[in-house]
Amino acid sequence: MRIAVTYENGNIFPHFGRTEQFKLYDVADGRITASRVVGTDGQGHGALAGLLRQLGTDILICGGIGGGAQSALAAAGIRLYGGVSGSADAAVQALLDGSLVFDPEVHCDHHGHDHEHGCGEHHCGQPHSGCGGNV
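Residues numbered from 1 in each chain as written. Predicted model: local features only at pLDDT ≥ 70, side-chain atom pairs only at ≥ 80, totals over all residues. Heavy atoms only, no water.

*Asks:* I keep staring at the overall build of the protein and nothing clicks. Help me out?
*Replies:* What the protein contains, in helices and strands, is four helices and six strands. If you list the helices and strands of the protein from N to C, you get β-β-β-β-α-β-α-β-α-α. Of all 135 residues assigned to the protein, the portion counted as buried reaches 44%. The long-range share in the protein, meaning contacts at least 24 apart out of those at least 6 apart in sequence, stands at 51%. When the accessible area of the protein is evaluated, it comes to approximately 6500 Å², of which 46% is carbon and sulfur surface. (Helix = DSSP H or I, 4+ residues; strand = E, 2+ residues; numbered from the N terminus. Buried < 20%, exposed > 50% of the residue type's maximum accessible area, 1.4 Å probe, protein only. Contact = heavy atoms within 4.5 Å. Areas by Shrake-Rupley, 256 points an atom, 1.4 Å probe, with all protein chains shown as cover.)

The structure is reproduced here in structure tokens:
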């Protein structure tokens, strides 16, 4: 199994569509066997689901994520654990231990402080009202 985490300086990056790196964890028999950090090559939002699929990702742990990206992940067969913050390594270990605290109703949370780039404009895949963020 491969787990990907939006990544920056050891922590979970708070917005899926803007992450510049993922940390990938290979897991066998309930434990981490390898990990590495990969760049996104400037891709963003829905395109990142395709990148994760190419990397063989089964599970994604992230902070905020828009509806379009959630749909793209679901279509790629990648299970989502969103609304998570803190240490990337600790989050993966918590997932493996069955104690990860996540938000099954996670939404695009970047609206308001970066309003000039609304969901429809930055390819979240949904109009503002459909993203789940503040309008």
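*Asks:* In this structure, what is going on with the packing of aromatic side chains? I would like to understand it.
*Replies:* Pairs of aromatic rings are described using the distance from one ring centre to the other and the angle between the two planes. By the definition in use, this model includes two aromatic pairs. Ring plane angle 50 degrees and centroid distance 6.2 Å describe the contact between F16 and F22, whose orientation is recorded as tilted. Among the residues examined, F22 registers a relative accessible area of 0% and is labelled buried. A ring pair is formed by Y81 and F102, whose centres lie 4.8 Å apart and whose planes are at 80 degrees; its orientation type is edge-to-face. Linking Y81 in strand β6 (residues 79-81) with F102 in the loop between α3 (88-97) and α4 (128-131), this pair joins segments that are 21 residues apart in sequence. (Phe/Tyr/Trp six-rings, centres within 6.5 Å; stacked < 30°, edge-to-face > 60°.)

Any link to function would need more than the numbers given here.
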